[in-house]
Amino acid sequence: MLSLIFLTSASSCDDYLDVNDNPNDLVEVPSGDLLLRGTLLANAQVQQGQLARTSMYYTGGLIGVQLVQQTLYNYDYTPGDSNAVWGFVYNGILVQNKEMRRVSPEVGFLQGIVDVNEALAVGTATSLFGDIPYSTATPDNPGLDSEDPTLDGQADIYATLQTLLDGAIPKLQDGSSTPTLDDDDPGVNVDNYFVGDRDKWIAATYTLKARYYLQTKQYAQALANVINGINDASGTMNFNPEGEVPGDSNILFNFVNSSRAGDMTGDGAFYRDLMDPDNVGSRNNAKTDETARRNYSYISGDGQQTGGIDDATTPMKLVSFEENLLIWAECLIRANDDVQGAIDKLNELRAYLDTGAAFNLINGDETFSYEPYVLADFEAGGMENTDNIATDRAVLREIIEERYVTGFSTYMPFNDVRRLRTETDLIVPFPLNNATTTVNPQRFLYAQEEINNNSNLPNPIPDLFTPTPVNQ
């Protein structure tokens, strides 16, 4: 199992994994710290890699224009397209987490990070694939005679992850253990996300709990957790790339500057039109100017934009302050019928956006504006309710649209359209990608490697358009 340490996660991991005098002999890993950074980088690939881009094809964010990206865009998705993310989750994270728990059981802070990182990866995997192996995925003594792992139900996995996250919080609070450093380079923290900041890890844990309660439509529980979540922008959990280093730079940058440059683009995508002030049907209004955010999030597909979302050094959001506020806003209506409270939370986000700190100004002179909304804007005939739907639904619709924009480059839009598939008045109206498809994709396919080797997978395999259990 140690041979599966994810060297492909980042070439910069080499220093952290060089623990053998003879590289051909497996020896005992002296500390779980040595494995941590690789698992965090593997999770960045899960959250922001190829399947995240594919989810953007399926929600109007990007267009695949040639080769594999075009086939994915046209819903010609194969099990082999899931292999990489599946490998990151199981070999790159779960196998390594088991080893970290074994060799460093007394380091509470490290164990808390391990738990949260696992919950982030497995929660994303179950949201994308439905029922997956988890409880039996990493046996104690794996071998050729090991039984095939069974699949846990999606709802059961979500419940298990809530328990895992609850248990992570006291570990993260454990003052007897300290944030982990690289023994070969004293002073360098191997925690790419928060550089060992306990409070930020704890707040992100609560936001992640709220995310999963939202995904399972347990809105009161989401509201109970989000109040302890990420409370300012500095607390956002980011993958923080070092720059133009193979394997350790912004993942969008890696794609648009590789041999696959030009295979996909943001030009002509629904998202671009939604953000365009010159488009009559855009989300811009008398209180909203999205010019600067639109420019920042532009992906040409054939090379990065300096300072943009696909710049080599641009952090990639995994669990964010903005997400926390938007969960809070939605759940105030869902759980408490508190329409004004929801508007207030939405306005907290808009106030942050209006500072200009949420995105870079690409040319330095782009305009932006996010004035606060008032209740009248959402009442019948208001600027955000010209079709005269119920006021609370108009507020929810704006929250979901903001989630769509805020979640650009993440799974948030894909998760929302599946969660809300019966609430058609709230779904952002992006178009389908071809004339022969009548429903949006509802999941990704099980990985071909798992199909080949696990007799416990369902037969037939659920197709791309079959909702996962929690969304049925």
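Read on for an overview of the structure. Only a predicted model underlies this, so the values are computations on that prediction, with no experimental measurement involved. (Residues numbered from 1 in each chain as written. Predicted model: local features only at pLDDT ≥ 70, side-chain atom pairs only at ≥ 80, totals over all residues. Heavy atoms only, no water.)

Notes on the nonpolar core
- By size, the foremost hydrophobic cluster in this structure holds 130 residues, and its most contacted members are Tyr58, Phe129, Ile132, Trp201, Met237 and Phe444.
- When residues in this core are grouped by element, the largest group, 12 residues, is from helix 6 (residues 108-129).
- Leave out the neighbours within four places in its chain, and Ile132 touches Trp86, Tyr90, Val122, Ala125, Thr126, Thr150, Leu151, Asp152, Ile157 and Tyr446. (Core = buried A, V, L, I, M, F, W, Y, C linked by side-chain atoms within 4.5 Å. Buried < 20%, exposed > 50% of the residue type's maximum accessible area, 1.4 Å probe, protein only. Helix = DSSP H or I, 4+ residues; strand = E, 2+ residues; numbered from the N terminus. Contact = heavy atoms within 4.5 Å.)

Considerations on helix 16 (residues 412-419)
- Burial runs high along helix 16: eight of the eight residues are buried.
- Among the residues of helix 16, Met412, Pro413, Phe414, Asn415, Asp416, Val417, Arg418 and Arg419 are the ones counted as buried.

Some remarks on the pattern of salt bridges
- Going through the model one piece at a time under the given rule, you end up with 26 salt bridges.
- For Arg334, the salt bridge goes to Glu330, with nearest N and O atoms at 3.1 Å. Taken together, the residues Arg334 and Glu330, both in helix 13 (residues 321-336) and four residues apart, mark about one turn of the helix.
- A single salt-bridge network, built from bridges that share partners, covers Glu330, Arg334, Arg393, Arg403, Asp416, Arg419, Glu423 and Asp425. (Salt bridge = Lys/Arg side-chain N within 4 Å of Asp/Glu carboxyl O.)

Notes on helix 6
- With 22 residues, helix 6 extends 31 Å between its outermost C-alpha atoms, agreeing within 8% with the 32 Å of an ideal straight helix rising 1.5 Å per residue.
- Burial of helix 6 is extensive: 22 of the 22 residues sit out of reach of the surface. (Expected span 1.5 Å × (residues − 1).)

Quick look at the packing of helix 5 (residues 83-103) against helix 6
- Following both chains from N to C, one finds helix 5 and helix 6 inclined at 155°, their axes separated by 10 Å at the closest point. Looking at the two axes, helix 5 sits roughly antiparallel to helix 6. Our pair here, helix 5 against helix 6, has a crossing hand that is left-handed. Contact residues: helix 5 offers Trp86, Val89, Ile93, Leu94, Asn97, Met100 and Arg101, while helix 6 offers Leu110, Gln111, Val114, Asp115, Asn117, Glu118, Ala121, Val122, Ala125 and Phe129.
- Taken together, the residues that form the contact of helix 5 with helix 6 break down as 11 nonpolar, three polar and three charged. (Axes fitted to C-alpha atoms, helices over the stretch in contact; angles between N-to-C directions. Parallel < 35°, antiparallel > 145°, perpendicular 65-115°, else oblique. Left-handed = near helix turned anticlockwise from the far one by under 90°. Nonpolar A, V, L, I, M, F, W, Y, C, P; charged D, E, K, R; others polar.)

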